[in-house]
Amino acid sequence: MVGFAGKSAVAGCAAVMGLLGAPVPSTAVAEQCANPTGTYTSAVPWGQRLIDPARIWPLSRGTGQLVAVIGTGVDGSNGQFAPGQVVGGQGTESDDCDGRGTIAAGIVGAQPDPSTTFVGIAPGAKILPIRYTQVNGGGDPGQLASAIETALNRGAGIILIAVPAASDGPALTGAVSRAKEKGALIVSPAAGTQQGQTSYPTASPGVLAVGSTNQAGEAVQTESGSYVGISAPGAELVSTSAGSGGTVAHRWPVSDPSLAAAHVAGVAALVRAYHPELSPEQVVARLTLTAHRGPSGGHDPRRGWGALDAYAAVSAAIPAGTPGPGGPRSAGPDTFVVPAAAPARAGADKVSGVLAIVGVAVAIAAGVVVAAVRRGKRRGWRPSRFRAS
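Residues numbered from 1 in each chain as written. Predicted model: local features only at pLDDT ≥ 70, side-chain atom pairs only at ≥ 80, totals over all residues. Heavy atoms only, no water.

(A) Representation of the environment of Val264. Tracing the backbone through its elements, the reader meets Val264 in helix H6 (residues 260–274). For Val264, a relative accessible area of 0% corresponds to the buried category. It is 7.4 Å that separates the C-alpha atoms of Val264 and Val187, two residues lying 77 residues apart in sequence. Sequence-distant contacts of Val264, defined by excluding residues within four places in its chain, comprise Val187, Leu208, Val210, Ile230, Ala232, Leu287 and Leu308. (Helix = DSSP H or I, 4+ residues; strand = E, 2+ residues; numbered from the N terminus. Buried < 20%, exposed > 50% of the residue type's maximum accessible area, 1.4 Å probe, protein only. Contact = heavy atoms within 4.5 Å.)

Here it is as structure tokens:
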């Protein structure tokens, strides 16, 4: 597998690790930046099959959404980005020697192209690249906070942390709070691969923390905690490559827990475009309520409330104000969404959405019955003083 590890900054960019994982010496030249594996033409990548974005595009393509990709920059010259899709300007960075930002951006919004089977989740969304670090190992939390502030000032509604920091700080906490005030959703990966590691702002309240899984549904990161909200593909992936020279070019297979957050950010763009009235908290509730639960049906510290179900997240009818799983509850019975038993396949386009709608209807009906029984007991089963006219 081609993974990403620590790199040395050289000639204005970060040098890429060799395939054997050995750090590139600091004397390396810029030509050792990320280079494409080629143009991907094999079977549709498994992560893309799981999300199945083309099935959702009749409802939403993410149009009107600005997704900030905060990390190592984005090479917007890759031919699978539409002209003007990767927006630049003051405070942003369009080049990406490390390559991670370009891979994340491609998962979010790469355009369909006849030369490849790979495509992004929300091709209608625009990408705002913001570089705060040149290396894979993260960076100063203060610099990350500044990058989040730049994204907010540029009007980003979804902020993808492609490279989280390894520590927290007052500035970062403040930036997360301001994002909430401005109605921006921050999506950040639980990227720690060493025991006891915690990523930030992943672990911060108000951030959608994403765990990473392989094709078997197994968690591939070590980081865990009650803050992990959902899981998505993060191993053996395909996406757009930096250093393409204007062509349609890709990197594969790429395994990196951070890239799970890119899948969730792309689906969040689809959700916000289709449901523009939703707050960030309501988007998170919709994503986690419709996720495919694990065997226990409860929360998993590495995979959150389950695996991302993009179609159900966009299409399910969920009553306004429905709390996410594990969220605050009212005095009445819980309202919940029944997720599909397995990722939808061809010929079953409406299954997950219908199941979700049925689940909500059953829960609401159950709530009405329980409430009626409780009122009846309080009245000693006497008729109500309110009568139908």
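Anyway, onward from the coordinates.
(B) Highlighting the state of the cysteines. Under the defined criterion, the tally for this structure stands at 1 disulfide. The residue that forms a disulfide with Cys33 is Cys97, at a sulfur-sulfur distance of 1.8 Å. A torsion of -95° about the S-S bond marks the disulfide between Cys33 and Cys97 as left-handed. Separated by 64 residues along the polypeptide, Cys33 in the loop between strand E3 (13–14) and helix H1 (46–51) and Cys97 in the loop between strand E4 (66–71) and helix H3 (100–109) bring together distant segments of the chain. In this pair, the class of Cys33 matches that of Cys97, namely buried. (Disulfide = S-S within 2.5 Å.)

(C) Expanded view of the sheet that holds E4. Taken in spatial order, the 6 strands of this open sheet run E5-E4-E6-E7-E8-E9, and their pairing is parallel. In this open sheet, the two edge strands, each paired with only one partner strand, are strand E5 (126–131) and strand E9 (228–233). When the angles between neighbouring strand axes are averaged without regard to direction, this sheet yields 25°. As judged from the 5 bridges shared by strand E8 (residues 208–213) and E9, these two strands associate in the parallel manner. Bridging across to E9, Ser212 finds its partner in Ala232. Packed onto the sheet, H3 meets E4, E5 and strand E6 (158–161) and runs at close to 160° relative to E4. (Pairing = 2+ DSSP bridges. Axes fitted to C-alpha atoms, helices over the stretch in contact; angles between N-to-C directions.)

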